[in-house]
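# Geometric and topological summary
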Amino acid sequence: MSQPDPVSSLPAPSARTAARALPPRPDLLPMSPEEAAAREAARDRRDAQVRGVASVQEMRQAIRQASAVLPAVHEIPRLGPQKTAAFRARARAGLPFIMTGMASRWPLSAMSVETLREHFGQLPVRARVGDYINTAFAPDRAMQDMTLVAYLERAMADESGLPPYLGNLELRNLNRLCHWPNFFEKMGPPRFWLGPAGCITPLHCDYDDNVFAQLWGKKRVWLAPPHHDQYLYPKQANAILFGSPFDPDHPDLERFPLARQAALVCCEVQPGEMLYIPAGWYHQVSSLTFSLSSNRWARGRPLVLDAAESP
């Protein structure tokens, strides 16, 4: 049976989405210390309510405790395609795994860069520019607004230094070109990651279950379990996001000697594959080739806690 043409259902190039200004970054809006503290407290309450827990801090501690009794991971296993029930049963073990063939039939996976440029080139995007690695979790890190076509032209130019990166963007026009399984009862919106070889998301952890789909190209992912945060010099960005200054690709063990004890494991995610990253697992993601990826975070109680509390 022939595969459907992903281009046939796209809007005609003449009906391109008009470029428009993106909304201001909320983290840069001026506010008093009292307003900032009130916003942070409100966010903590909302985060706990969304995840069905009494406290995000208690949830983080429970994830670390559950992780501490898990077996050591020396290799990320590759499984075949998983249906929802099988995925959830496996994910409750609290360990990462790769699922092959899960996104290979998505229309977006079959699309070319040229088609993306032709039909979606005028979409507004916000690119990470400058030294976005060492400022990854700072509220005022450098970003630049542009159209998607302008980004592609800049990213594909032969320039030295860290390439600009489209990371963690909602691009709703692309959502219907992806066919996400309902792995979680509640899921956040798809987020997209686009950029050439050399783009990096530095080591960090999110306290939400995460499914990461590789659509084009290859990425290298380093992972470390939640309870090994004690070796990774973490710094809180917000209640559910912690960054680490340690770079597994270029380990500076004189500066970060405790990192010798971190159980870091590396894998490569290939086109069409999905990587499950359990809540609290540290991960660093590097593009090995020009890549397009998408991920979705669960918006609920982490699955490992269900297993940890079962009799």
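In short, a report on the structure. (Residues numbered from 1 in each chain as written. Predicted model: local features only at pLDDT ≥ 70, side-chain atom pairs only at ≥ 80, totals over all residues. Heavy atoms only, no water.)

### Re the sheet that holds strand E1 (residues 78-79)
- The strand order across the open sheet built from seven strands is E1-E2-E13-E8-E15-E6-E5, with neighbouring strands paired in mixed fashion. Strand pairing shows two members of the sheet lacking a second neighbour, E1 and strand E5 (166-169), which therefore form its edges. (Pairing = 2+ DSSP bridges. Helix = DSSP H or I, 4+ residues; strand = E, 2+ residues; numbered from the N terminus.)

### Structural notes on the pattern of salt bridges
- Under the criterion given, the structure shown has 11 salt bridges.
- Measuring nitrogen to oxygen at the nearest pair gives 2.7 Å for the salt bridge that ties Arg64 to Asp229. Taken together, the residues span a long stretch of sequence, with Arg64 in helix H2 (residues 56-68) and Asp229 in the loop between strand E9 (219-224) and strand E10 (235-238) at a distance of 165 residues. Assigned by exposure class, Arg64 and Asp229 land together as buried.
- Taking the shortest distance from any N to any O, the salt bridge between Glu273 and Arg78 comes out at 2.9 Å. Here Glu273, found in the loop between strand E12 (265-269) and strand E13 (274-277), pairs with Arg78, found in strand E1; they are 195 residues apart in sequence, far enough to count as distant.
- Overlapping salt bridges bring together Arg43, Asp47, Arg51, Asp208 and Arg299 as one network. (Salt bridge = Lys/Arg side-chain N within 4 Å of Asp/Glu carboxyl O. Buried < 20%, exposed > 50% of the residue type's maximum accessible area, 1.4 Å probe, protein only.)

### Here we look at the packing of aromatic side chains
- Applying the stated rule across the entire model yields 11 aromatic pairs.
- Their ring planes at 85° and their centres at 6.2 Å tell us that Phe246 and Phe256 sit as a pair that is edge-to-face. Note that Phe246 is positioned in the loop between strand E11 (241-243) and E12 and Phe256 in the loop between E11 and E12, a separation of 10 residues in sequence.
- Three or more aromatic residues link up through ring pairs in this structure, and these residues are Phe87, Phe97, Phe183, Phe184 and Tyr276.
- When the ring centre of Phe97 is taken as reference, the NZ or CZ atom of Arg90 above it lies at 5.6 Å. (Phe/Tyr/Trp six-rings, centres within 6.5 Å; stacked < 30°, edge-to-face > 60°. Lys NZ or Arg CZ within 6 Å of the ring centre and 35° of its normal.)

### Focus: the pairing of strand E7 (residues 200-206)
- Most of E7 is tucked away: seven of the seven residues are buried.
- Pairing of E7 with strand E14 (residues 282-287) involves four bridges; the strand directions are antiparallel. Considered in E14, the bridge of Thr201 is made with Val285.
- Here E7 runs beside E11; their pairing, made up of three bridges, is antiparallel.

### Quick word on the packing of helix H5 (residues 113-120) against helix H6 (residues 148-156)
- Where H5 meets H6, the closest approach of the two axes is 9 Å, and the angle between their N-to-C directions is 145°. Residue-level contacts link Val113, Leu116, Arg117 and Phe120 of H5 to Leu148, Val149, Leu152, Glu153 and Met156 of H6.
- A breakdown of the residues in the contact of H5 with H6 according to their chemical character gives seven nonpolar, no polar and two charged. (Axes fitted to C-alpha atoms, helices over the stretch in contact; angles between N-to-C directions. Contact = heavy atoms within 4.5 Å. Nonpolar A, V, L, I, M, F, W, Y, C, P; charged D, E, K, R; others polar.)

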